[in-house]
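# Descriptive structure summary
For reference, the chains in residue letters:
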Amino acid sequence: MWTGSPLFPETASTMASRVDALYFFLVALSAFFSLLIAGLIVFYAIKFHRREADQVGARIHGGLVLEITWSVIPLFIVIGIFLWGASVFFAMSRPPDETHNIYVVGKQWMWKFQHLNGAREINELHVPVGRAVKLIMTSEDVIHDLFVPAFRVKADVLPGRYTHMWFEATKAGEYHLFCAEYCGTKHSGMIGRVVAMEPSDFETWLSSGQAEGSLASAGGKLFADLACNTCHRPDIQGRGPVLQNLFGRTVPLEGGGSAIVDEAYIRESIVDPQARITAGFQPTMPTYQGLVSEQGLLELIEYVKSIGTQPASPMMRPGAAAPGPGESTPARDGQAPGQR
Ligand code: CUA
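Quantities reported herein were computed from a predicted structural model and do not represent experimental measurements.

Okay, the packing of helix α1 (residues 16-47) against helix α2 (residues 64-93) next. Across the interface, α1 lies against α2 with an axial gap of 10 Å and an inter-helix angle of 160°. Taken together, α1 and α2 sit at an angle that is classed as roughly antiparallel. Here α1 and α2 pass one another in a crossing that is left-handed. Packed against α1, whose contacting residues are Arg18, Val19, Ala21, Leu22, Phe25, Leu26, Leu29 and Phe33, the element α2 presents Ile77, Ile81, Trp84, Gly85, Ser87, Val88, Ala91 and Met92 at the interface.

Sheet architecture is open: five strands sit in the order β4-β10-β9-β6-β7, paired in mixed fashion. Both outer strands of the open sheet, β4 (124-128) and β7 (153-157), are each paired with one neighbouring strand and no more. When the angles between neighbouring strand axes are averaged without regard to direction, this sheet yields 25°.

Our next topic: the packing of aromatic side chains. If you walk through the whole model with that rule in mind, you get 13 aromatic pairs. Geometrically, the ring pair formed by Phe43 and Tyr44 is edge-to-face, given 5.2 Å between the ring centres and 65° between the ring planes. Note on Tyr44: relative accessible area 41%, which makes it partly exposed. Joined through ring pairs, the aromatic side chains of Phe8, Tyr23 and Phe24 make up one cluster. When the ring centre of Phe90 is taken as origin, the NZ or CZ atom of Arg94, which lies over that ring, is 5.2 Å away. For the cation-ring pair, Lys154 lies above Phe147, with the distance from its terminal atom to the ring centre recorded as 5.1 Å.

Further remarks concern a nonpolar patch on the surface. Nonpolar side chains collect at one region of the surface, where Phe32, Phe33, Leu36, Ile37, Leu40, Ile41, Val42, Phe43, Tyr44, Ile46 and Phe48 lie side by side and expose about 1100 Å² of accessible area between them. One can find Val42 in helix α1.

Let's shift gears to unusual backbone geometry. Residue Gln108 is joined to Trp109 through a cis peptide bond whose omega torsion reads 0°. Inspection of the secondary structure assignment puts Trp109 in the loop between β1 (100-107) and β2 (110-115). Although it is not a glycine, Asn123 sits at a positive phi angle of roughly 55°. Under the relative-accessibility criterion, Asn123 is labelled partly exposed at 22%.

This part covers the sheet that holds strand β8 (residues 163-168). Taken in spatial order, the five strands make up an open sheet running β3-β2-β1-β5-β8, and their pairing is mixed. Strands with a single pairing partner mark the edges of an open sheet, and in this sheet they are β3 (120-122) and β8. If you compare each strand with its neighbour and ignore which way they point, the axes differ by 25° on average. Where β1 lies against β2, six bridges are found, and the strand directions are antiparallel.

Of the residues in the protein, 87% have a pLDDT of 70 or more, and the chain-wide mean is 82. Contacts for the low-pLDDT stretch residues 310-340, under 50 throughout, to residues beyond four places or in other chains number 42 contacts.

Of all six residues in strand β10 (residues 192-197), five are buried; the element is thus mostly enclosed. Relative to β10, β4 is paired through five bridges, and the arrangement is parallel. In the strand pairing of β10, His126 is matched with Val195. Two strands pair when backbone bridges link them, and strand β9 (residues 173-179) and β10 are joined in this way by five bridges, in the antiparallel orientation. By the bridge assignment for β10, His176 is matched with Arg193.

The residue Glu198 is located in the loop between β10 and α3 (199-207) in this model. Overall, Glu198 belongs to the partly exposed group, its relative accessible area being 38%. Residues Glu198 and Arg131, 67 residues apart in the sequence, show an inter-C-alpha distance of 9.8 Å. Not counting the four nearest positions on each side in its chain, Glu198 is found in contact with Val129 and Ala172.

One pass over the full model with this rule turns up twelve salt bridges. Among the salt bridges present, the one from Arg193 reaches Glu124, with a minimum N-O distance of 2.4 Å. Of this pair, Arg193 sits in strand β10 while Glu124 sits in strand β4; the two residues are 69 residues apart in sequence, bridging distant segments of the chain. For Arg131, the salt bridge identified is with Glu203, shortest N-O distance 3.6 Å. Here Arg131 is found in the loop between β4 and β5 (132-139), whereas its partner Glu203 is found in helix α3, with 72 residues between them in sequence. When its relative accessible area of 23% is taken as the criterion, Arg131 is described as partly exposed. Within this structure, Glu124, Glu174 and Arg193 form a network of salt bridges that share partners.

Rules used throughout
- In every chain, residue numbers begin from 1 and rise along the written sequence.
- Since the coordinates come from a predicted model, pLDDT governs what is reported: local features require at least 70, and pairs of side-chain atoms require 80 or more to be given and counted, while whole-chain, interface and lining totals use all residues.
- As a convention, hydrogens and water are excluded, and side-chain values are obtained from all of the structure's heavy atoms.
- Between N-to-C directions, angles cover 0 to 180 degrees, with each direction set by a line fitted to C-alpha atoms, over the stretch in contact for helices.
- In this description a helix means any DSSP run of H or I spanning at least four residues, a strand means any run of E spanning at least two, and both kinds are numbered starting from the N terminus.
- Here roughly perpendicular refers to angles of 65 to 115 degrees, roughly parallel to angles under 35, roughly antiparallel to angles over 145, and oblique to all remaining angles.
- Left-handed describes a crossing whose near helix is turned anticlockwise from the far helix by less than a right angle; the clockwise case is right-handed.
- Whether two residues are in contact is decided by their heavy atoms: any pair within 4.5 Å suffices.
- The criterion for strand pairing is that DSSP finds at least two bridges linking the strands in question.
- Whether two aromatic rings pair depends on their centres lying within 6.5 Å, for rings of Phe, Tyr and Trp, where Trp uses its six-membered ring; planes under 30 degrees apart make the pair stacked, over 60 edge-to-face, and the rest tilted.
- Think of it in three bands: residues with accessible area under 20% of the maximum for their type are buried, residues over 50% are exposed, and the middle band is partly exposed, with areas taken using a 1.4 Å probe on protein chains only.
- Sitting over a ring, as applied to charges here, requires NZ of Lys or CZ of Arg to be within 6 Å of the ring centre and within 35 degrees of the ring normal.
- In this scheme, patches are assembled from residues that exceed 30% relative accessible area and form no salt bridge. Like charges are connected within 9 Å, while nonpolar side chains (Val, Leu, Ile, Met, Phe, Trp, Tyr) are connected within 5 Å.
- Only the protein chains shown count as covering a residue, and every accessible area follows the Shrake-Rupley method with a 1.4 Å probe.
- What counts as a salt bridge is simple: a side-chain nitrogen of Lys or Arg found within 4 Å of a carboxyl oxygen of Asp or Glu.
- A residue's pLDDT is the confidence the predictor assigns to it, expressed on a 0 to 100 scale.

This is the structure we're talking about:
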């Protein structure tokens, strides 16, 4: 609509036009009522102005029809805005099942992006066009906020937590990327660019940057270096829960309740193992707070994902030893030594 105007960002994601439609509707609605009310004020001020010095205004006692009208019409308008806004909000907050995942770590004052195959970049994010991309984001220090105006997406990035954001770029090109939360003296310099590429170009770019090996394999190495594997063994003999096939499952907790094994739960289990212990296990695990960097945590999370059987996105490609999709039942855990 306003593409090309220096006042308005480009429309470059599937969500952008939906956000714009709602935005322009709100602007138009506000403009309509502002003009209507201001116009009527002027009109009536002139029409009913005092004509003689001792004139007294007429007494007016309510008009039921008028009052109901000016209550019910706005009611339907705001309910409509709510439903419209909620549908856009749900679409933005629920990524599709199949996404291309990229990790984001914000720190004073830069953005670090980490692709699953090991490619890393700073203040620059390469994404494929036409594919849903999910960013899994955290911060090393204070609250930041990742904002890509051309995609109409923005989300806070919090220390100690993972927040998510997803988008699907529709058009190859370069777009601005900002930090939208005041985070210290160089906040305004915490900017970068998103490079949306055609899928084939993106694959080429991605494979050129994986010299250091995949995130999951780095996590596997860290897992061994920290001796996690002495307790988290692939058979049920270990002192800690079996991690194979665990990601995405719901586990019962010691003391009642349950937890979904997602990124946040794995992170918490590493830095604060006592917080939510899987039922049937002793609180023997020490904390790794301060011993593992945010980067290391991401690697460990990817490792745990990779030894599960979540249907892999093409970028993940868990090792050939990982069991196939039909074999993900917990009963397989006992046979896990042969897996990896
Ligand atoms: Cu980071 Cu502002």
